[in-house]
Amino acid sequence: MKLFFLCFFIFTSKAFLLTAQSRINIYDQRDHYKKVNLSEVADSIVYIPLETTDSCLLSDELQIFYGKDAIFVGDQKNERFYRFDKHGSFLNTIGQKGEGPADYTSALNFYVDEIEKYVYIISPQSKTIFIYNYLGEFIDRIILDFTPWMIQKSNKKILFYNNRFNRIDKNKNVKELYLTNDKGNIIDSLPTTIDDKSMDMLLLEMPFFYQYKAGIFYKNPLSDLVYKISIPLSIKPIYEIYTGPVRRSKNDFKNMEKLSQMISVRNIIESDKSIMIVFAYKGNFFNIWFDKKSKSALNVKNTYPGFIDNITNGPDILPYWQSSSSESVFISLLTIEYLEKYPIKIKGDFFRKETIDSNPVLAIVKLK
């Protein structure tokens with residue numbers, strides 16, 4: 001009898017959880033997309049050409065953070081990090097790759113602390129976080145016991161996703177999220193958010209954080225739930241992104257062909273009125289714009305034409321998925337090849353890059 005009531009409680013609690021929160025159904029709209037005027041989803045757009053010099057020549061594999069005071073760009077191919085001002089002028093590099101005491105040996109992602117004005121460069125291979133100030137000067141390093149992939153900060157505490165954990169039958173008490181102090185000492189941890197205990201978490205894609213109103217939100221690709229994270233460390237499901245009835249198995253996430261047939265949420269940008277969801281499906285990227293009030297959604301394919309800039313009469317705009325901001329904006333990355341076909345006007349003049357090696361132009365779109 002006790003077992004019955006326990007099972008009933010778990011089932012009804014989960015059912016209440018799912019019905020009590022918002023559900024964004026992107027599965028039913030996955031094949032129904034259209035071009036959309038930018039004014040339907042955004043209040044404004046600003047074009048920022050990133051300066052090109054020999055000191056800041058960027059590759060085509062970039063991570064972008066649009067901050068309150070500056071723009072930060074991580075070149076993932078060359079493992080270099082840069083700071084530009086809000087007009088796109090190059091300011092400085094952040095640290096350097098090397099073997100010196102102030103150098104990072106390898107790095108992929110970064111995090112910007114806009115309160116302390118520090119840049120945290122993350123090295124999963126060495127389980128180390130390197131800290132630099134905005135001028136690129138070395139401040140400190142934090143060596144962790146587990147492998148970080150991405151981090152967030154809350155006051156002096158560091159939250160990170162444990163990239164290398166595996167659910168192994170002999171050790172089911174795996175930890176997915178860790179909270180440390182500013183010295184890297186573990187304060188708290190949370191077990192996996194995945195119900196299916198057989199799922200292996202060495203994935204071809206990774207969970208991610210996003211920010212909204214100073215809050216930290218978290219999405220694991222194996223779950224349709226989006227969680228809000230609180231400190232002291234706890235998580236609460238806020239809404240569901242429904243990606244379909246497909247029964248996932250652990251092998252599907254290690255097979256690129258099977259993985260491409262499933263919807264994969266890659267980025268979320270939230271504002272007071274809307275949520276933008278960037279997802280991959282069958283080899284293409286799509287963008288769902290969800291209106292919080294009406295519960296309506298628009299699906300825009302990440303091919304031209306996409307979002308049509310009818311605000312400034314500029315070119316089509318497509319969200320760049322490896323980007324983030326502390327503000328409610330999405331970022332579009334306009335390459336030189338695209339600008340040659342669709343020149344844009346900046347301050348009344350047509351803007352053109354001089355060479356094929358020039359850095360891209362960023363379109364910063366403020367969501368409604």
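First, a word on scope: everything that follows refers to the structure included in this document. (Residues numbered from 1 in each chain as written. Predicted model: local features only at pLDDT ≥ 70, side-chain atom pairs only at ≥ 80, totals over all residues. Heavy atoms only, no water.)

## A look at the overall build of the protein chain
Next up, step 1: Assigned secondary structure in the protein chain consists of three helices and 30 strands.
Next up, step 2: Every one of the 368 residues in the protein chain was classed for burial, and the buried ones make up 51%.
Next up, step 3: Excluding contacts between residues fewer than 6 apart, the proportion of contacts in the protein chain whose partners are at least 24 apart in sequence is 51%.
Next up, step 4: Carbon and sulfur atoms make up 52% of the accessible area of the protein chain, which amounts to about 18,200 Å² in all. (Helix = DSSP H or I, 4+ residues; strand = E, 2+ residues; numbered from the N terminus. Buried < 20%, exposed > 50% of the residue type's maximum accessible area, 1.4 Å probe, protein only. Contact = heavy atoms within 4.5 Å. Areas by Shrake-Rupley, 256 points an atom, 1.4 Å probe, with all protein chains shown as cover.)

## Observations regarding the side chain of D103
Next up, step 1: Note that D103 resides in the loop between strand 7 (90–93) and strand 8 (109–113).
Next up, step 2: Despite its burial, D103 pairs with no opposite charge; the closest candidate is R141, at 7.5 Å N-O.
Next up, step 3: Within the structure, the side chain of D103 is placed 3.4 Å from the side chain of Q96, a separation counted as a polar contact.
Next up, step 4: A distance of 3.0 Å separates a polar side-chain atom of D103 from the backbone nitrogen of G100.
Next up, step 5: Other than its neighbours up to four places away in sequence, D103 contacts Q96, K97, G98, F130, Y132 and R141. (Lys, Arg positive; Asp, Glu negative; His and termini not counted. Salt bridge = Lys/Arg side-chain N within 4 Å of Asp/Glu carboxyl O. Polar contact = N/O pair within 3.5 Å; in protein donor to acceptor, adjacent residues only side chain to side chain.)

## Structural notes on the nonpolar core
Next up, step 1: Residues I26 and I268 are the most contacted members of the largest nonpolar core, which totals 32 residues.
Next up, step 2: Residues within four places of I268 in sequence aside, it is in contact with F208, Y210, V226, Y239, I241, I275 and M276.
Next up, step 3: Listed in part, the 21 residues of the second largest apolar core include Y47, W289, L339 and L367. (Core = buried A, V, L, I, M, F, W, Y, C linked by side-chain atoms within 4.5 Å.)

## Focus: the environment of E337
Next up, step 1: Looking at the element boundaries, E337 is found in helix 3 (residues 336–341).
Next up, step 2: Sequence separation between E337 and S358 is 21 residues; the distance between their C-alpha atoms is 10.0 Å.

## Side note on the layout of surface pockets
If a probe as big as a water molecule is rolled over the atoms, it shows which places are left empty.
Next up, step 1: Approximately 860 Å³ is the volume attributed to the largest pocket.
Next up, step 2: Surrounding the largest pocket, 39 residues form its lining, Q63, M150, F208, F209 and Q322 being those nearest its centre.
Next up, step 3: Of all the secondary structure elements, the ones that give two or more residues to the lining of the largest pocket are strand 4 (62–66), strand 8, strand 12 (148–154), strand 16 (208–212), strand 20 (264–270), strand 26 (323–325) and strand 27 (329–334).
Next up, step 4: No other element matches the six residues that strand 20 contributes to the lining of the largest pocket.
Next up, step 5: Of the residues assigned to the lining of the largest pocket, the class counts are 24 nonpolar, eleven polar and four charged. (1 Å grid on protein atoms, 1.4 Å probe; cavity = no way out; pocket = protein on both sides within 12 Å on 5 of 7 lines; lining within 4 Å. Points joined across faces, edges and corners; volume = space filled by probe spheres on them. Nonpolar A, V, L, I, M, F, W, Y, C, P; charged D, E, K, R; others polar.)

## Re the pattern of salt bridges
Next up, step 1: Following the criterion strictly, the structure yields ten salt bridges and no others.
Next up, step 2: Among the salt bridges present, the one from K77 reaches D60, with a minimum N-O distance of 2.9 Å. Of this pair, K77 sits in the loop between strand 5 (71–75) and strand 6 (80–84) while D60 sits in the loop between strand 3 (42–49) and strand 4, placing them 17 residues apart in sequence.
Next up, step 3: Residues participating in the shared-partner salt-bridge network are D113, E116, K153 and K156.

## Observations regarding the packing of aromatic side chains
Next up, step 1: For the structure shown, the criterion picks out 19 aromatic pairs.
Next up, step 2: Measuring from centroid to centroid gives 4.4 Å for F146 and Y178, while their planes differ by 15 degrees, and the two rings are stacked. Separated by 32 residues along the polypeptide, F146 in the loop between strand 11 (138–143) and strand 12 and Y178 in strand 14 (residues 175–180) bring together distant segments of the chain.
Next up, step 3: For F146, a relative accessible area of 28% corresponds to the partly exposed category.
Next up, step 4: Counting every residue linked through ring pairs, the aromatic cluster contains F81, Y104, F110, F130, Y132 and F138. (Phe/Tyr/Trp six-rings, centres within 6.5 Å; stacked < 30°, edge-to-face > 60°.)

## Re the sheet that holds strand 1 (residues 22–25)
Next up, step 1: With mixed pairing, the five strands of this open sheet are ordered in space as 1-19-18-17-16. On the outer flanks of this sheet lie strand 1 and strand 16, each paired with one strand and no other. Put simply, the sheet's adjacent strands are angled 30 degrees from each other on average, direction ignored.
Next up, step 2: By the bridge criterion, four bridges tie strand 17 (residues 215–219) to strand 18 (residues 225–230) in an arrangement that is antiparallel. Each residue of the ladder has a partner; that of I216, found in strand 18, is I229. (Pairing = 2+ DSSP bridges. Axes fitted to C-alpha atoms, helices over the stretch in contact; angles between N-to-C directions.)

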